[in-house]
Amino acid sequence: MLDFNKQIVISIKTILITLGILLAVYISYELRSVFELVFIALLLAISMESAVKSIMCMTLMNKPVSRGFAVLLSYFTLLLVVVLFFLTAAPMVVRESQKLVNTFSFFLSNLEVNGETLFESLSFLDVLGQTLQPGNITSLLTSSISVVSRLVTLVVVSVYVSLDWPNLKDRFVRLFPSEKTKELKELLYSVEIHVGTWIKGQLTIMFAVGLLGFLGLTIAGVNYALALGFISGMLEIVPILGPFFSTVIATGVGFSQSPTKGIIAFLIFLTIQQVESNFITPKVMQKFSGFSPLIILIALMIGHEFFGLSGAILAIPVTMIIGIFYRRYIHLNK
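From a predicted model like this one, the values you see are computed outputs, not experimental measurements.

A. Structural view of the pattern of salt bridges. A full pass over the atoms with the stated rule returns 5 salt bridges. A salt bridge links Glu 192 to Lys 53; the nearest nitrogen and oxygen atoms lie 3.0 Å apart. Linking Glu 192 in helix H7 (residues 181-220) with Lys 53 in helix H2 (residues 32-56), this pair joins segments that are 139 residues apart in sequence. Since its relative accessible area comes to 6%, Glu 192 is described here as buried. The network of salt bridges with shared partners includes Lys 53, Lys 169 and Glu 192.

B. Inspection of the UniProt feature "transmembrane region" (unreviewed entry) in the protein chain at higher detail. UniProt feature "transmembrane region" (unreviewed entry): in the numbering of this structure it lies at residues 12-29, 35-56, 68-94, 140-163, 205-231, 237-255, 262-281 and 293-326. Secondary structure across residues 12-29 comprises 100% helix and 0% strand; the distance between its end C-alpha atoms is 26 Å. Summarising residues 205-231: 85% helix, 0% strand, and an end-to-end C-alpha distance of 13 Å.

C. A look at the environment of Ala 225. Relative to the helices and strands, Ala 225 is located in helix H8 (residues 225-235). Its relative accessible area of 6% is what places Ala 225 among the buried residues. Sequence separation between Ala 225 and Leu 215 is 10 residues; the distance between their C-alpha atoms is 7.6 Å.

D. Here's a closer look at the packing of H7 against H8. At a minimum axis distance of 7 Å, the contact between H7 and H8 shows a crossing angle of 155 degrees. Comparing the axis directions of H7 and H8 gives the class roughly antiparallel. The hand of the H7/H8 crossing is right-handed. Where H7 approaches H8, its residues Met 206, Val 209, Gly 210, Gly 213, Phe 214, Leu 217 and Thr 218 are matched on the opposing element by Ala 225, Leu 226, Leu 228, Gly 229, Ser 232, Gly 233 and Met 234. Each residue belonging to the contact of H7 with H8 can be placed in one class, and the counts come to 8 nonpolar, 6 polar and no charged.

E. Spotlight on the packing of aromatic side chains. One pass over the structure, following the stated rule, counts 1 aromatic pair. Ring geometry for Phe 244 and Phe 245: centres 5.5 Å apart, planes at 65 degrees, overall edge-to-face. Exposure remark for Phe 245: the relative accessible area of 43% places this residue in the partly exposed category.

F. Representation of the nonpolar core in the model. Membership of the largest hydrophobic core comes to 31 residues, with the highest contact counts inside it found for Tyr 75, Val 191, Val 195 and Leu 300. For this core, the secondary structure elements donating two or more residues are H2, helix H3 (67-109), helix H5 (134-163), helix H6 (165-174), H7 and helix H11 (293-332). With 10 residues, H11 is the single largest residue contributor to this core. Of all hydrophobic cores here, the second largest spans 15 residues; its members include Ala 208, Val 222, Ala 225 and Ile 280.

G. Geometry of helix H9 (residues 241-257). End to end, H9 covers 25 Å across 17 residues, agreeing with the expected 24 Å (1.5 Å per residue, within 8%). Turning to H9, its buried residues are Gly 242, Pro 243, Ser 246, Thr 247, Ala 250, Thr 251, Val 253 and Gly 254. The arc enclosing the buried residues of H9, seen along the axis, measures out at 160 degrees, which places them on a common side.

H. Focus on the confidence of the model for the protein chain. Residue-level pLDDT values for the protein chain average 76, and 75% of them are 70 or greater. Confidence scores differ between elements of the protein chain, with helix H4 (residues 124-131) showing the lowest mean pLDDT of 49 and H6 the highest of 87. Counted against residues more than four places away or in other chains, residues 121-125, with its pLDDT under 50, gives 11 contacts.

Procedures and definitions
Residues numbered from 1 in each chain as written. Predicted model: local features only at pLDDT ≥ 70, side-chain atom pairs only at ≥ 80, totals over all residues. Heavy atoms only, no water. Salt bridge = Lys/Arg side-chain N within 4 Å of Asp/Glu carboxyl O. Helix = DSSP H or I, 4+ residues; strand = E, 2+ residues; numbered from the N terminus. Buried < 20%, exposed > 50% of the residue type's maximum accessible area, 1.4 Å probe, protein only. UniProt positions renumbered as here; feature names shortened; annotations may be inferred. Axes fitted to C-alpha atoms, helices over the stretch in contact; angles between N-to-C directions. Parallel < 35°, antiparallel > 145°, perpendicular 65-115°, else oblique. Left-handed = near helix turned anticlockwise from the far one by under 90°. Contact = heavy atoms within 4.5 Å. Nonpolar A, V, L, I, M, F, W, Y, C, P; charged D, E, K, R; others polar. Phe/Tyr/Trp six-rings, centres within 6.5 Å; stacked < 30°, edge-to-face > 60°. Core = buried A, V, L, I, M, F, W, Y, C linked by side-chain atoms within 4.5 Å. Expected span 1.5 Å × (residues − 1). Arc of directions from axis to C-beta. pLDDT = per-residue confidence, 0-100.

Listed below in structure tokens is the structure:
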């Protein structure tokens, strides 16, 4: 029989520890934007580590390249590629996106059910005119400055993480007993390889899907192929849901021209998703240990619930790192 007369003793230490954990959770939630920026900077630094090590293997004037120079050269090259993209491809994508918005707004404004128009006519210029109202201009400028400042902060923090990455790993290892040093170094190396492979592989997949979408839609004669290809590539960063939405958008644009082009656009993106799933992803992510779709979907929902869109995007690498730590923890405790 159960003894209902047992006393439950809760010590002051237990209460203080519980309050401390709750306080830490609350502070972490309030500072989630800071942790989000630091984590993204950490991911960027890890993804740049292979480039940094490659440059450090070179010699300059018969002397090995220092880590500081390798880090600065790596990030300068990355920024140069980004700037060249915005100076060349970005204007074309923006122009096609404007035309795409105008076409869709015209299509929606002519959509009727039982003789009633579902949407009012609203063109890209109308949206732009509303955005450029005096009150909205201040808000737009404030938001733009905030985004730029966050990007600059992200790059600066990432550079500092890259410069101090070996020391950061050593400090982490010294937090644990010395007999665990070898295993912990292997753990950090595994995280570094997996995260770096995932980020570079994801960028490769995004580029491949966007390029295939652009080429397929161009050959099929579907309008705004460049904008749709760019959108499909960007949405590829969101697993499961991204490819679905890109297919819906491209199919909708195709049907706005003709039923035949709508069906062709659907078949093109269906084929692209099959090629991506069966050929591109296995080849690019051959070193990456994936998760089941259910785990990915749950991680996406949790990340979006706490941190919004950026949380959904970061949910996959976070889940991957947790999985690596969990598997290594089980190995260390066998």
